[in-house]
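# Report on the structure
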Amino acid sequence: MAPKTGSKRASSQGTNTAAKRRLTADPAHAKALVVADALLAADAEILPASAAAMLAPLAEVSLSKPQSTRHEFETKVVDMVEEALRNIKEQRERTLEETKAKVDGVFDDKAARQESCERAKAALRDLEAAVPPRKVALAQATAARDSCLEALAAAQRVQREEDKDFVAIEAQRAEVQQAVESLAELKIKSDDSKQS
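In what follows, the accompanying structure is described. (Residues numbered from 1 in each chain as written. Predicted model: local features only at pLDDT ≥ 70, side-chain atom pairs only at ≥ 80, totals over all residues. Heavy atoms only, no water.)

## As for the overall build of the protein chain
Going by this rule: We count a stretch as a helix when DSSP gives it H or I for four or more residues in a row; a strand needs E for two or more, and each element gets its number in order from the N terminus. Residue burial considers only the protein chains on display, and all accessible areas are found by Shrake-Rupley using a 1.4 Å probe.
Helix and strand content of the protein chain: four helices and zero strands. Of the regular secondary structure in the protein chain, the N- to C-terminal order runs α-α-α-α. Surface summary for the protein chain: the accessible area is close to 16,300 Å², and the carbon and sulfur share equals 59%.

This is the structure:
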């Protein structure tokens, strides 16, 4: 089915305006609503949500009536509300004191942080002052290492050149040794043939 073109939704503001009119019409009821809202906004450790949900409407009704016309149950509800509000107030006062203590301690903490910062800056200056001599020492050590590497390379070149002569001499020695061994064998053979 097609929706009607001229229909409007129900205004959600109608209930708010009625509540506002009700607040302005009866000041006692307005105060009772404030108390009910305070109960609903209470910390769950002080007043559990289920207890706040039960107590808030009862407080609204009980506190709207003058004390002389309240029923015995309404008086008990007012006593419970009074106790809950007292607990809420004490909890908020404790929170306030703790917050004040933190705020008062900020200046002490700030001084300690500033002192720590100054010590860190002094240490940084000392470290920065130590860097240039270390850079010079590093440059000197690098130069010494480079000269040592050059000397090593030169020594290795000389050794390779001398090793070439040594290899040639060693090859000649091996040939001479082989020749000596061959001659010794020939001599042994010739001596054997002479004896036979």
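Next comes the rest of the account.
## Some details on the environment of Ala84
Under the convention used in this document: Note on exposure labels: buried denotes an accessible area under 20% of the residue type's maximum, exposed denotes more than 50%, and partly exposed covers the range between, all computed with a 1.4 Å probe on protein chains only.
Within the secondary structure, Ala84 sits in helix α4 (residues 72-195). What makes Ala84 buried here is its relative accessible area of 7%. Between the C-alpha atom of Ala84 and that of Ala38, which follows or precedes it by 46 residues, the distance is 9.9 Å.

## Topic: the pattern of salt bridges
For the record, the criterion: Salt bridges are identified by distance alone: a Lys or Arg side-chain nitrogen within 4 Å of an Asp or Glu carboxyl oxygen.
Scanning all chains against the criterion turns up seven salt bridges. Its salt-bridge partner being Arg173, residue Glu170 comes within 2.5 Å of it at the nearest N-O pair. With Glu170 and Arg173 both in helix α4 and three residues apart, the pair spans about one turn of that helix. Its relative accessible area of 30% is what places Glu170 among the partly exposed residues.

## Focus: the side chain of Glu74
What counts here: Side-chain atoms alone can form a polar contact between residues adjacent in sequence; in general such a contact is a pair of N or O atoms within 3.5 Å, and within protein one must be able to donate a hydrogen while the other accepts it. The criterion used for residue contact is that any of the two residues' heavy atoms lie within 4.5 Å.
With respect to the helices and strands, Glu74 occurs in helix α4. Exposure remark for Glu74: the relative accessible area of 11% places this residue in the buried category. Separated by 2.8 Å, the side chains of Glu74 and Lys65 make a polar contact. Non-local contacts of Glu74, meaning those with residues more than four positions away in its chain, are made with Val61, Ser62, Lys65 and Thr69.

## Some details on the nonpolar core
Put simply, the test is: Residues belong to one nonpolar core when they are buried, are Ala, Val, Leu, Ile, Met, Phe, Trp, Tyr or Cys, and are joined through side-chain atoms within 4.5 Å.
Of all hydrophobic cores here, the largest spans 11 residues; its members are Val35, Leu39, Ala42, Leu47, Ala52, Leu55, Ala59, Val77, Val81, Ala84 and Ile88. Those elements that provide at least two residues to this core are α2 (27-40), α3 (49-64) and α4. Sorting elements by how many residues they give to this core places α4 first, with four residues. Setting aside residues no more than four positions away along its own chain, Ala84 makes contact with Leu39, Leu47 and Leu55.

## Some words on the packing of α2 against α4
So the rule is basically this: Orientation is described by axes fitted as lines to C-alpha atoms, over the contacting stretch for helices, and by angles from 0 to 180 degrees between their N-to-C directions. Oblique is the label for any angle not under 35 degrees, not over 145, and not in the 65 to 115 range, which are roughly parallel, roughly antiparallel and roughly perpendicular in turn. Throughout, a crossing is termed right-handed when the near helix is turned clockwise from the far one, and left-handed when it is turned anticlockwise from it by less than a right angle.
Orientation of α2 relative to α4, taken along the N-to-C sense of each, is 55°, at an axis distance of 10 Å. On the basis of the axis angle, α2 is oblique to α4. In this structure, α2 meets α4 at a crossing whose hand is left-handed. Only Val81, Ala84, Leu85 and Ile88 of α4 make contact with α2, whose side of the interface consists of Val35, Ala38 and Leu39.

## Remarks on α3
For clarity, the threshold we go by: Expected span of a helix: the number of residues minus one, times 1.5 Å.
Counted at 1.5 Å a residue, the expected span for α3 with its 16 residues is 22 Å, and the 22 Å between its end C-alpha atoms agrees. Inspection of α3 places Ala52, Leu55, Ala56, Ala59 and Ser62 among the buried residues, and these make up the whole buried set. In this structure, the buried side of α3 is in contact with α2 and α4.

## A look at a negative patch on the surface
Here is the rule we go by: Think of a patch as exposed residues, more than 30% relative accessible area, with no salt bridge, where like charges cluster within 9 Å and nonpolar side chains (Val, Leu, Ile, Met, Phe, Trp, Tyr) cluster within 5 Å. Charged residues are defined narrowly, with Lys and Arg counted positive, Asp and Glu counted negative, and His plus the chain ends left uncounted. Charged side chains are reduced to one point each, which is NZ for Lys, CZ for Arg, CG for Asp and CD for Glu.
Together, Glu90, Glu93, Glu97 and Glu98 line one region of the surface with negative charge. Mapped onto the fold, Glu93 is located in helix α4.

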